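Residue-level structural notes
Chain residues, written in single-letter form:
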Amino acid sequence: MPTANSVSLARLAGLIRSATRLLAFCHVNPDGDAVGSLLGLGHVLDALPGRRSVHLICQDPVPEELHFLPGIERIANKAPAGFDADLVVCVDASDPARLGKVFAELDVLPQTPVVVIDHHVTNLHFGAHNYVAPESASTSQLIVSLADELGLELTQALAFPLMVGLVTDTLGFRTSNVTSAELSCGVRLMDAGVDLADIAQRTLLCKPLNQMRLWGEAFVKAVLVDGVVWVEVTGEMRRRAGILDEDDGGLVSQLIMAAEARVAAVFNELKDGRIEVDLRARPPHDVATVALSLGGGGHPQASGCILAGPLSAARERVLPLLFGAAVRQPAS
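Summary of the structure given here. (Residues numbered from 1 in each chain as written. Predicted model: local features only at pLDDT ≥ 70, side-chain atom pairs only at ≥ 80, totals over all residues. Heavy atoms only, no water.)

Here's the deal with the sheet that holds strand 8 (residues 228-233)
Pairing in this open sheet of six strands is mixed, and the strands run 7-8-9-10-12-11 from one edge to the other. A single partner strand is all that each edge strand has here, and the edge strands are strand 7 (223-225) and strand 11 (297-299). Pairwise comparison of adjacent strand axes, ignoring direction, gives a mean angle of 15 degrees for this sheet. One ladder, built from three bridges, connects strand 7 with strand 8; its direction is antiparallel. Its bridge partner being in strand 8, Leu224 is matched across the sheet by Val229. (Pairing = 2+ DSSP bridges. Helix = DSSP H or I, 4+ residues; strand = E, 2+ residues; numbered from the N terminus. Axes fitted to C-alpha atoms, helices over the stretch in contact; angles between N-to-C directions.)

A short note on the environment of Arg280
Considering the arrangement of structural elements, one finds Arg280 in strand 10 (residues 275-281). Residues Arg280 and Ala302, 22 residues apart in the sequence, show an inter-C-alpha distance of 4.6 Å. Apart from residues lying up to four places away in sequence, Arg280 is in contact with Val252, Ser253, Ile256, Arg262, Val263, Ala264, Val287, Gln301, Ala302 and Ser303. (Contact = heavy atoms within 4.5 Å.)

Here's the deal with the sheet that holds strand 2 (residues 53-57)
What holds strands together in a sheet is hydrogen bonding between their backbones, with the strands either parallel or antiparallel. Here six strands make up an open sheet; going across it, the order is 3-2-1-4-5-6 and the pairing parallel. Because the sheet does not close on itself, it has two edges, and the strands there are strand 3 (75-76) and strand 6 (129-132). Set on the sheet, helix 4 (residues 139-149) makes contact with strand 4 (87-91), strand 5 (114-118) and strand 6; between it and strand 5 the angle comes to about 115 degrees.

Observations regarding the pairing of strand 5
Of all five residues in strand 5, five are buried, a share of seventy percent or more. Here strand 5 shows a buried face lined by Val114, Val116 and Asp118 and a second buried face lined by Val115 and Ile117. Pairing geometry for strand 4 and strand 5, over four bridges, is parallel. Within the sheet, the bridge partner assigned to Val91 lies in strand 5 and is Ile117. Judged from the four bridges that link them, strand 5 and strand 6 form a sheet pairing that is parallel. Within strand 6, the position partnered with Ile117 by the bridge is Tyr131. (Buried < 20%, exposed > 50% of the residue type's maximum accessible area, 1.4 Å probe, protein only.)

Quick look at the packing of aromatic side chains
Enumeration according to the criterion identifies four aromatic pairs in this entry. Ring geometry for Phe68 versus Phe160: centroids 6.0 Å apart, planes at 80 degrees, classification edge-to-face. Of the two residues, Phe68 is situated in the loop between strand 2 and strand 3 and Phe160 in helix 5 (residues 156-169); the sequence distance between them amounts to 92 residues. You can call Phe160 buried: its relative accessible area is 14%. Ring geometry for Trp230 against Phe323: centres 6.4 Å apart, planes inclined by 80 degrees, an arrangement best described as edge-to-face. Residue Trp230 is found in strand 8, and its partner Phe323 is found in helix 12 (residues 311-326); the two are separated by 93 residues along the sequence. Accessibility expressed as a relative area gives 26% for Phe323, which makes it partly exposed. In textbook terms, an aromatic cluster arises when at least three aromatic residues are bridged by ring pairs, as seen for Phe25, Phe103 and Phe126. (Phe/Tyr/Trp six-rings, centres within 6.5 Å; stacked < 30°, edge-to-face > 60°.)

Notes on helix 5
Over its 14 residues, helix 5 runs 20 Å from end to end, which matches the ideal 20 Å to within 8%, given 1.5 Å per residue. Burial runs high along helix 5: twelve of the 14 residues are buried. Within helix 5, the full set of buried residues consists of Leu158, Ala159, Phe160, Pro161, Leu162, Met163, Val164, Gly165, Leu166, Val167, Thr168 and Asp169. Taken together, the buried residues of helix 5 touch helix 2 (32-47), helix 4, helix 6 (180-191), helix 7 (196-205) and strand 11. Where helix 5 terminates, the next one or two residues include Leu171, which has phi positive at roughly 50 degrees. (Expected span 1.5 Å × (residues − 1).)

Overview of helix 4
Three- or four-residue spacings in an α-helix give side chains the same orientation, since the helix completes a turn every 3.6 residues. By the criterion of burial, helix 4 is predominantly enclosed, with eight of the eleven residues buried. Every buried residue of helix 4 is accounted for by Thr139, Ser140, Gln141, Leu142, Ile143, Val144, Leu146 and Ala147.

What about the nonpolar core?
Grouped together as the largest cluster of nonpolar side chains are 56 residues, with contacts concentrated most on Leu12, Ile16, Val89, Ile117, Leu146 and Leu189. For this core, the element with the most residues is helix 5, which contributes eight residues. Setting aside its immediate chain neighbours within four residues, Ile117 contacts Leu12, Val89, Cys90, Val91, Asp92, Tyr131, Thr139, Leu142, Ile143 and Leu146. In terms of nonpolar packing, the next biggest core, distinct from the first, is built from 21 residues, Val290, Leu311, Leu319 and Leu322 among them. (Core = buried A, V, L, I, M, F, W, Y, C linked by side-chain atoms within 4.5 Å.)

Examining the packing of helix 2 against helix 5
Taken N-terminus to C-terminus, the directions of helix 2 and helix 5 make an angle of 160 degrees; their axes are 8 Å apart at the nearest point. One finds that helix 2 runs roughly antiparallel with respect to helix 5. In this structure, the crossing between helix 2 and helix 5 has a hand that is left-handed. Two secondary-structure elements touch here, helix 2 through Gly32, Asp33, Gly36, Ser37, Leu39, Gly40, His43 and Val44 and helix 5 through Ala157, Leu158, Pro161, Leu162, Val164, Gly165, Thr168 and Asp169. Taken together, the residues of the contact of helix 2 with helix 5 break down into seven nonpolar, seven polar and two charged. (Parallel < 35°, antiparallel > 145°, perpendicular 65-115°, else oblique. Left-handed = near helix turned anticlockwise from the far one by under 90°. Nonpolar A, V, L, I, M, F, W, Y, C, P; charged D, E, K, R; others polar.)

Notes on the packing of helix 4 against helix 5
Relative to each other, helix 4 and helix 5 sit at 145 degrees, their axes nearing to 8 Å. Across from Ser140, Gln141, Ile143, Val144 and Ala147 in helix 4, the residues of helix 5 making contact are Leu158, Pro161, Leu162, Gly165 and Leu166. Partitioned by chemical class, the residues of the contact of helix 4 with helix 5 number seven nonpolar, three polar and no charged.

So this is what it looks like as structure tokens:
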């Protein structure tokens, strides 16, 4: 729903066009759409006439499976000291907490306007200017629209990261929010020279063996009750699998594939003791309201949050809410 600080695409383009010193952020624990839309925005800014100083920032490292993307070395883990930005742009983040400490501790806030470009239905409209389109399946689509509004050519270099964002957020155009708009956008990106099959192979079909080992141990421990299936991933499980970071390889997307599951949850123990909760649901069940009530956000069928530990406390807090989501019926 539009708010008082919502902006049109034309207004968004005007704000982007007039800025010359920009900081652009995506969310922590970045996925394909976060990285793809951030790199895509960088290409858009580079293509505009005039001189600009642009810094792309993500607090956490880009996942190894996305290292094939050209330009990831451009993404820094914090803003340069003393940089006097005249615009801060946040992509694919529904709330400021998702941007991490590197955003919260920015020296230029609050005097520098913040622009939000996002597609999550739970977006809090935390910017001075918000372009939020929950009807779109990915933020990368919104960067395509921004490029069009700015009159920029959809080059192969620009299209490549945006296709990564579109493919990963729709699981290869298979999620329930895919419409003809997503398919049309995919066609345009392919026409710009992007190899869809290659991107799908790299992002959806190839997983490191150590992640598969982690999945194997997790699947053995999966619990299913009344259509809700869940697993817990501990730091020790990741160490046994040979995983050095906190990535579980998208385990929750595998878990929801269980034929008996209507809602799936992964409780992932982070190194600092907090618990990352990843949620998935099959339509018409809605986990976004659950995530939002716990301080997180996302989409009706794909959401998450981070809670205080230990694992048992997070599980006991979340599961009763998920049983309610699992029995929810579509509106008549």
